[in-house]
Amino acid sequence: MAAAWAQNIWLAPQEHDVASIGAAASILRGLQRNWGAYLPDHVRRATLIEARLPPLKPKPLVFPQAAPTAHLGAWTLLGARRLLASPTQSSPWINGQPLFVEDRAGPPSRAYLKLWEILALLGTWPQPGERCLDLGASPGGWTYALAGLGAAVVAVDKAPLDPAVAGMKGVTLRQESAFGIDPAAEPPVDWLFSDVIAYPARMLTLVRAWIDTGRARNVVCTLKFQGPTDHEAAEAFAAIAGGRVRHLFHNKHELTFSWEGK
Ligand SMILES: C[S@@+](CC[C@H](N)C(=O)[O-])C[C@H]1O[C@@H](n2cnc3c(N)ncnc32)[C@H](O)[C@@H]1O
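These notes cover the structure that comes with them. A quick note: this is a predicted structure, and the numbers were derived from the prediction, not measured.

**Focus: helix 4 (residues 141–148)**
Counting buried positions over the eight residues of helix 4 gives six, a clear majority of the element. When we look at burial in helix 4, the residues that qualify are Gly 141, Trp 142, Thr 143, Ala 145, Leu 146 and Ala 147. Directly after helix 4, the chain includes Gly 150, whose backbone phi takes a positive value near 90°.

Put into structure tokens, the structure is as follows:
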């Protein structure tokens, strides 16, 4: 299984002795243009090095927008005179931290940020009129974001939805348990979303049922760990063909599973 929990993986790390601040900056500049600094230590010295690099001013994303694709590397100081630099990294963002122009007025919870993050990473999102099932939708952050895209959202939760979200165009409510819904008896959905609080093993059965019956074209599902991490369930999710499990910057003690059918 890929290192799902890593916020950012340095893919090609190299170490250099650096006699001076100028020498460190010149090694980095010689490798490429775009560098994000990781500064847990030697902060003053590293800041002086950073000042000699081309400035990097990533623009916050405006949802819906795909994550940046420009090359980006990461560096740090292991010691005052020892540079560690990786010209490539797994995340499109500096230190794996996405930047968004946040919506502080509309969504009733901050959960929308993890939905924005995974859709930016996938580079795809529900189109107007596409059918979305949002399981565990209350209070309605995800439903708010999806309805805002013009999708037709069926919001499922035992708890009520924020009335402002419930009244949005394209939103339908089903106040019931996500586990009582039999995918075989449902019309197909373009997107199955779930942020239900449930044991990951239980979510695995639910997600498999939607995929195996061919009733979902795309899946985004949060795996929430209460207490110790259920690595076995996480690995079973990761083993689903076409699926991927990752820890988003906006995930807590959770992982996010995504799957795209053919
Ligand atoms: C973290 S909250 C979801 C937040 C939501 N995604 C948002 O953006 O506002 C988890 C939700 O799962 C719901 N839930 C728990 N068990 C459920 C079940 N069996 N069926 C449907 N919803 C369930 C809870 O009522 C709760 O509202």
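There is more to say after this.
**Focus on the packing of helix 1 (residues 21–31) against helix 2 (residues 43–50)**
Orientation of helix 1 relative to helix 2, taken along the N-to-C sense of each, is 55°, at an axis distance of 9 Å. One way to sum up the angle between helix 1 and helix 2 is to call them oblique. When you trace helix 1 past helix 2, the crossing you get is right-handed. The residues of helix 2 that touch helix 1, namely those facing Ile 21, Ala 24, Ala 25 and Leu 28, are Arg 45, Leu 48 and Ile 49. Split into classes, the residues belonging to the contact of helix 1 with helix 2 amount to six nonpolar, no polar and one charged.

**As for the packing of aromatic side chains**
Enumeration according to the criterion identifies nine aromatic pairs in this entry. Arranged with centres 5.0 Å apart and planes meeting at 5°, the rings of Phe 63 and Trp 116 form a pair that is stacked. Here Phe 63 is found in the loop between helix 2 and strand 3 (73–79), whereas its partner Trp 116 is found in helix 3 (residues 112–122), with 53 residues between them in sequence. Trp 116 carries the same exposure label as Phe 63, and that label is buried. The interplanar angle of 55° and the centroid separation of 5.0 Å between the aromatic rings of Phe 237 and Phe 257 together place this pair among those described as tilted. In this pair, Phe 237 sits in helix 7 (residues 231–238) while Phe 257 sits in strand 11 (residues 254–260), placing the two residues 20 residues apart along the sequence. Exposure remark for Phe 237: the relative accessible area of 0% places this residue in the buried category. By relative accessible area, Phe 257 is classed as buried at 0%.

**Overview of the site of the ligand**
Inspection of the region around the ligand gives 20 residues, with Gly 141, Trp 142, Asp 157, Ala 178 and Asp 195 positioned closest. A distance of 2.8 Å is found between a nitrogen atom of the ligand and a backbone nitrogen or oxygen belonging to Ala 178. Placement of the ligand is best described as lying within the largest pocket. Of the residues contributing to the shell around the ligand, the split by class is nine nonpolar, six polar and five charged.

**Notes on the sheet that holds strand 5 (residues 131–135)**
Pairing between sheet strands relies on hydrogen bonds along the backbone, with the strands arranged either parallel or antiparallel. Spatial strand order, 7-6-5-8-9-11-10: seven strands in an open sheet with mixed pairing. Each edge of the open sheet is held by one strand with a lone partner, namely strand 7 (171–174) and strand 10 (243–246). On average, adjacent strands in this sheet sit at an angle of 15° to one another, irrespective of strand direction. Where strand 8 (residues 189–194) lies against strand 9 (residues 216–224), five bridges are found, and the strand directions are parallel. Across the sheet, residue Phe 193 finds its bridge partner in strand 9, namely Val 220. Packing against the sheet, helix 4 makes contact with strand 5, strand 6 (152–156), strand 7, strand 8 and strand 9, and its axis sits at approximately 170° to strand 6.

Definitions and limits used
- Residues numbered from 1 in each chain as written.
- Predicted model: local features only at pLDDT ≥ 70, side-chain atom pairs only at ≥ 80, totals over all residues.
- Heavy atoms only, no water.
- Buried < 20%, exposed > 50% of the residue type's maximum accessible area, 1.4 Å probe, protein only.
- Helix = DSSP H or I, 4+ residues; strand = E, 2+ residues; numbered from the N terminus.
- Axes fitted to C-alpha atoms, helices over the stretch in contact; angles between N-to-C directions.
- Parallel < 35°, antiparallel > 145°, perpendicular 65-115°, else oblique.
- Left-handed = near helix turned anticlockwise from the far one by under 90°.
- Contact = heavy atoms within 4.5 Å.
- Nonpolar A, V, L, I, M, F, W, Y, C, P; charged D, E, K, R; others polar.
- Phe/Tyr/Trp six-rings, centres within 6.5 Å; stacked < 30°, edge-to-face > 60°.
- Near = heavy atom within 4 Å.
- Polar contact = N/O pair within 3.5 Å; in protein donor to acceptor, adjacent residues only side chain to side chain.
- 1 Å grid on protein atoms, 1.4 Å probe; cavity = no way out; pocket = protein on both sides within 12 Å on 5 of 7 lines; lining within 4 Å.
- Sits in = over half its atoms within 2 Å of the grid points.
- Pairing = 2+ DSSP bridges.

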